[in-house]
Amino acid sequence: MSFEDHLIVAPLIRGLWINASGESRVVVPSAGVPPKAPDQIVFADLSAAGTADSLDEAPALKALKEAYSAWEAAKKGNVKTQPSCIKVKTSSNEEVVYWIDRDLASARKRSENGDGSPLELRSNVTTGSGIAAAGASASDRSDVVKNKIVLVTGGAQGFGEEIVRGLAASGALVFIADLNQAGAEKLAETLNAAEKRIAAVAVPVNVADEASVETLFKAIVKTAGGLDLCVSNAGVVKAGSVLEQELAAFKFVTDINYAGFFLMAKHCGRLLRRQNLAAPGWKTDIIQINSKSGLEGSNKNGAYAGGKFGAIGLVESFALELVAYGIKVNAICPGNFLDGPLWSDPEKGLFVQYLKAGKVPGAKTVADVRASYEGKVPMGRGCTGADVMRAIYYIVEQEYETGQAVPVTGGQVMLH
Ligand SMILES: NC(=O)c1ccc[n+]([C@@H]2O[C@H](COP(=O)([O-])OP(=O)(O)OC[C@H]3O[C@@H](n4cnc5c(N)ncnc54)[C@H](O)[C@@H]3O)[C@@H](O)[C@H]2O)c1
């Protein structure tokens, strides 16, 4: 079975198991240890679904469903368990085993020990119709991401780091995808130690490079089988007058902030659509971290504001198309993160830059520049990671909304 096949089979398996349990699942391809208790596992013959190099989704899903049903039938009414292991055979006669559990550490442990014992279902869940009924709400808002598989681009620092920390603390498995691989790895190590579980996995990506984005999604599928939430946060700013800015600088910003979001939505959308084939009731989310500069112009910062405005057009358009696959697409438009490195870095932060450039008339210190920016916000302070996290929880919990741009600006930018 070729590596590419995991891209098709693992999300279908993940969807099927989610559909039957109503809970998120992690799916890990075999590390080679054969399953113990073979009578407990599911066997699916995908020979009819194409060759190992080109597997067809529909017949593959049909074969997987039939295999799951056969396992259920053999349980003779005991619906309180779910298989934790499926052996899949393709036309090349190769067999691959996928291990399924609630979290990455448990699924990996099964794979290492060959533990195919059934997975206990939560007492309030019945198989076959496990997806939560409409209107069900989380007891704690952060519960909406608990045990979910999420991806945050640009997660090594700034708003991305805040979002990664918030999601990990809420019980999600977070893929930290960043150009700065060392920073992403360091953050993952810190979080895994603090949370005492596999809470985060670092993966390199350049969101402006399609091959790199494709590789990112392959790595996610190979590690965990699929995804529930993608936060497209990576972004850059290069301010400059329209009369002076070099085209190269304009394109650099646009490639990351605008085209980069297109690439993320394209490859994420393909994965989420496949999962949705097997779990039609399971809602997933793509959230773009936009800006208040996506809602009103920004003087001498046209490349940034233009890309952010444009990305809201992408959000609305993608939302219209992807709603058919249970994928919600929304943007969050934060105000200035004055405590973040972009503004507060003592050497190259915007406060220092603006002080040196005399951008704030009368400002003599960094504190004066900061006070000037705080003064622009009706609520008198900059935006924080916690403010953005509240918007993320809202968007994920709100099943009845898509294609929106949610402002988080302390009243600085109001809707027209
Ligand atoms: N800082 C603010 O005041 C503010 C306000 C509103 C919106 N935003 C938005 O929030 C997002 C994050 O901004 P921030 O201020 O935290 O930025 P930041 O510069 O502090 O961090 C950005 C992260 O993205 C990574 N990155 C940059 N280019 C990348 C690429 N091509 N591929 C993958 N990773 C890449 C960087 O390595 C870094 O870790 C951006 O989309 C930005 O437009 C920021």
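Preceding block: the structure.
Calculation criteria
Residues numbered from 1 in each chain as written. Predicted model: local features only at pLDDT ≥ 70, side-chain atom pairs only at ≥ 80, totals over all residues. Heavy atoms only, no water. Helix = DSSP H or I, 4+ residues; strand = E, 2+ residues; numbered from the N terminus. Rg over C-alpha atoms; globule rule 2.2 N^0.38 Å. Buried < 20%, exposed > 50% of the residue type's maximum accessible area, 1.4 Å probe, protein only. Contact = heavy atoms within 4.5 Å. Areas by Shrake-Rupley, 256 points an atom, 1.4 Å probe, with all protein chains shown as cover. Lys, Arg positive; Asp, Glu negative; His and termini not counted. Charge placed at Lys NZ, Arg CZ, Asp CG, Glu CD. Salt bridge = Lys/Arg side-chain N within 4 Å of Asp/Glu carboxyl O. Pairing = 2+ DSSP bridges. Axes fitted to C-alpha atoms, helices over the stretch in contact; angles between N-to-C directions. Expected span 1.5 Å × (residues − 1). Polar contact = N/O pair within 3.5 Å; in protein donor to acceptor, adjacent residues only side chain to side chain. Bend = angle between axes of the 7 residues up to and from the residue. Phe/Tyr/Trp six-rings, centres within 6.5 Å; stacked < 30°, edge-to-face > 60°. Lys NZ or Arg CZ within 6 Å of the ring centre and 35° of its normal.

Asks: Would you take a moment to explain the overall build of the chain for this structure?
Replies: Scanning the chain from terminus to terminus reveals twelve helices and 13 strands. Computed over C-alpha atoms, the radius of gyration of the chain comes to 23 Å, within 12% of the 22 Å expected from 2.2 N^0.38 for 416 residues, which places it in the range of a compact globule. If one aligns the C-alpha atoms of the chain with their principal axes, the spans along those axes are about 80 × 40 × 40 Å. In the chain, which comprises 416 residues, the share counted as buried stands at 51%. Contacts spanning at least 24 positions in sequence make up 72% of the contacts within the chain whose residues lie at least 6 apart. Total accessible area computed for the chain in this model is approximately 18400 Å², and 53% of it derives from carbon and sulfur atoms. Of the charged side chains in the chain, 43 are positive and 45 negative, and the gap between their average positions amounts to 3 Å.

Asks: It is not clear to me how the pattern of salt bridges should be interpreted in this structure. Could you clarify?
Replies: Summed over all chains, the structure comprises 19 salt bridges. For Arg-25, the salt bridge goes to Glu-23, with nearest N and O atoms at 3.4 Å. The burial state of Arg-25 is the same as that of Glu-23; both residues are buried. For the salt bridge of Asp-115 with Arg-110, the shortest nitrogen-to-oxygen distance reads 3.6 Å. For Arg-110, a relative accessible area of 8% corresponds to the buried category. Where salt bridges share partners, they join Glu-23, Arg-25, Arg-102 and Arg-122 into one cluster.

Asks: Honestly, the sheet that holds strand β4 (residues 85–89) in this entry has me stumped. Any pointers?
Replies: Backbone-to-backbone hydrogen bonds join strands into a sheet, with any given pair of strands oriented parallel or antiparallel. The mixed open sheet is built from four strands, whose spatial order is β1-β5-β4-β2. In the strand order of this sheet, the two ends are held by β1 (26–29) and β2 (42–45), each with one partner. Sheet twist, expressed as the average angle between the axes of neighbouring strands with direction ignored, equals 25°. In this structure, β4 lies alongside strand β5 (residues 95–101), joined through five bridges in antiparallel fashion. Bridge assignment links Lys-87 to a residue of β5, and that residue is Val-97. With respect to the sheet, helix α2 (residues 57–74) is in contact with β2 and β4, its orientation differing from that of β2 by roughly 150°. Running at roughly 140° to β5, helix α3 (residues 104–113) makes contact with β1 and β5 of the sheet.

Asks: Just to check I follow, could you spell out helix α6 (residues 210–224) for this structure?
Replies: Quick reminder: α-helices carry 3.6 residues per turn. Residues three or four places apart thus point the same way. Look at α6: 21 Å from first C-alpha to last across 15 residues, which is about the 21 Å you get at 1.5 Å a residue. Within the span of α6, buried status applies to Ser-212, Val-213, Leu-216, Phe-217, Ile-220, Val-221, Thr-223 and Ala-224. The distance from a side-chain oxygen at the start of α6 to the backbone nitrogen of Ala-211 is 3.2 Å, and the residue carrying that oxygen is Asp-209. With its phi angle positive at about 90°, Gly-225 sits one or two positions after the end of α6.

Asks: Before we go on, may I ask you to explain helix α7 (residues 247–278) in this structure?
Replies: Here α7 spans 45 Å end to end across 32 residues, near enough to the 46 Å set by a 1.5 Å rise per residue. The sharpest bend along α7 comes to roughly 40°, located at Asp-255.

Asks: Before we go on, may I ask you to explain the packing of aromatic side chains in this structure?
Replies: Any two aromatic rings considered together are summarised by their centre-to-centre distance and by the angle between their planes. For the structure shown, the criterion picks out eight aromatic pairs. When the centroid spacing of 5.8 Å and the interplanar angle of 85° are considered together, the rings of Trp-343 and Tyr-354 count as edge-to-face. A residue pair is termed long-range when its members are at least 10 positions apart, and Trp-343 in helix α9 (residues 341–344) and Tyr-354 in helix α10 (residues 350–357) qualify at eleven residues. Tyr-354 sits in the buried class, given a relative accessible area of 14%. Following the ring pairs from residue to residue traces out a cluster consisting of Trp-343, Phe-351, Tyr-354 and Tyr-373. For Lys-148, the ring lying beneath its charged end belongs to Trp-282, and the centroid distance is 5.3 Å. The cationic tip of Lys-376 hangs over the ring face of Tyr-373; the distance from NZ or CZ to the ring centre is 4.8 Å.

Purely geometric stuff here, so don't read any function into it on its own.
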